[in-house]
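Structural overview for review
So the chains spell out like this:
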Amino acid sequence: MTKIKAFTLIELMVVIALISGMMAISIIGLKSLIKVDIKEDVSKISGFLQETYSVTVIAGKTHRVVIDFLDNSFFVEEKLGDLENILPEIGYEEEIDIKEKNILPSFSKLEGKLGEKTFLKKNIKFLGLWVEGMKQVKREQKGYIYFFPDGYTQLSFISIALENNDEDSMSVILHPLTGMVSTQVGEPLIDELVNKKND
């Protein structure tokens with residue numbers, strides 16, 4: 001009679017423990033890789049904002065960074081013409097309320113690398129954009145951060161997160177007087193940002 005070899009309960013438990021351990025390690029490794037992706041995109045956005053600040057000051061013309069939530073891209077537009085030169089052409093000789101007359105400056109994509117769409121990594125999305133003056137964080141459509149030729153920009157932050165997990169997020173904070181950026185895990189509190197600026 002032939003003896004049938006079978007696994008003992010202890011052997012089965014050891015195998016299950018080994019498989020569980022390997023799965024846990026691979027999940028941790030995957031999370032680490034995803035966090036690296038977020039950090040890389042945060043670094044890319046930071047450099048992009050600082051370069052836009054420099055280009056604006058050198059060109060002496062207003063620019064804006066466009067954040068597109070629809071396809072998770074960002075790029076730079078420049079202001080067309082000069083508002084003071086446009087007014088006489090359209091028949092308004094005296095000073096007017098621009099918003100009241102719906103006369104807003106036009107923008108077009110900046111020529112060169114900054115004007116080309118840059119996309120976040122496939123598993124990363126824009127979570128939010130807040131610019132000084134907004135009551136709440138923008139989370140859809142398009143948003144803008146303006147850079148002015150006198151070396152001033154808008155206090156703002158851009159946050160990005162995993163495609164299916166808003167909790168794993170990081171933010172780039174843009175400081176208005178210097179064009180410098182800082183980063184943090186999660187989104188900053190709006191009140192705290194405004195208070196720090198006013199201090």
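For the structure itself, consult the block above.
Residues numbered from 1 in each chain as written. Predicted model: local features only at pLDDT ≥ 70, side-chain atom pairs only at ≥ 80, totals over all residues. Heavy atoms only, no water.

1. Re the environment of phenylalanine 107
Stated formally: In DSSP terms, a helix is any run of H or I states spanning at least four residues, a strand is any run of E spanning at least two, and both are numbered starting from the N terminus. Note on exposure labels: buried denotes an accessible area under 20% of the residue type's maximum, exposed denotes more than 50%, and partly exposed covers the range between, all computed with a 1.4 Å probe on protein chains only. Contacts are assigned to residue pairs that have any heavy atoms within 4.5 Å of one another.
For phenylalanine 107, the position within the fold is in strand 3 (residues 107–109). With relative accessibility at 16%, the residue phenylalanine 107 sits in the buried group. Once the C-alpha coordinates of phenylalanine 107 and glutamate 78 are considered, the two residues, 29 residues apart in sequence, prove to be 5.3 Å apart. Contacts of phenylalanine 107, omitting those with residues within four sequence positions, involve Thr62, His63, Arg64, Glu77, Glu78, Lys79, Leu80 and Tyr146.

2. Some words on the side chain of lysine 125
We apply this condition: Nitrogen and oxygen atoms within 3.5 Å of one another constitute a polar contact, given that in protein one can donate a hydrogen and the other can accept it, and given that sequence-neighbouring residues count only through two side-chain atoms.
Mapping lysine 125 onto the fold places it in strand 5 (residues 124–131). Look at lysine 125 and you get buried, because its relative accessible area is 16%. Side chain to side chain, lysine 125 and aspartate 166 meet in a polar contact 2.6 Å long. Setting aside its immediate chain neighbours within four residues, lysine 125 contacts Asn72, Leu120, Ser159, Ile160, Ala161, Leu162, Glu163 and Asp166.

3. Some words on unusual backbone geometry
The phi dihedral of asparagine 72 is positive, around 55°, even though this residue is not glycine. Within the element layout of this structure, asparagine 72 appears in the loop between strand 1 (63–68) and strand 2 (73–79).

4. Structural notes on the sheet that holds strand 8 (residues 156–162)
Note the cut-off: Pairing between two strands requires that DSSP report at least two bridges joining them. A fitted line through C-alpha atoms serves as each axis, taken over the contacting stretch for helices, and the angle formed by two N-to-C directions is quoted from 0 to 180°.
Reading across the sheet, the four strands line up as 5-8-9-10 and stay open at both edges, with antiparallel pairing between neighbours. Every other strand in the sheet has two partners, leaving strand 5 and strand 10 (181–185) as the edge strands with one partner each. With strand direction ignored, the average angle separating the axes of adjacent strands in the sheet is 20°. The sheet contact formed by strand 9 (residues 165–174) and strand 10 spans five bridges and is antiparallel. The residue bridging methionine 170 from the neighbouring strand is valine 185, located in strand 10.

No statement about biological role is implied by the geometric values presented.
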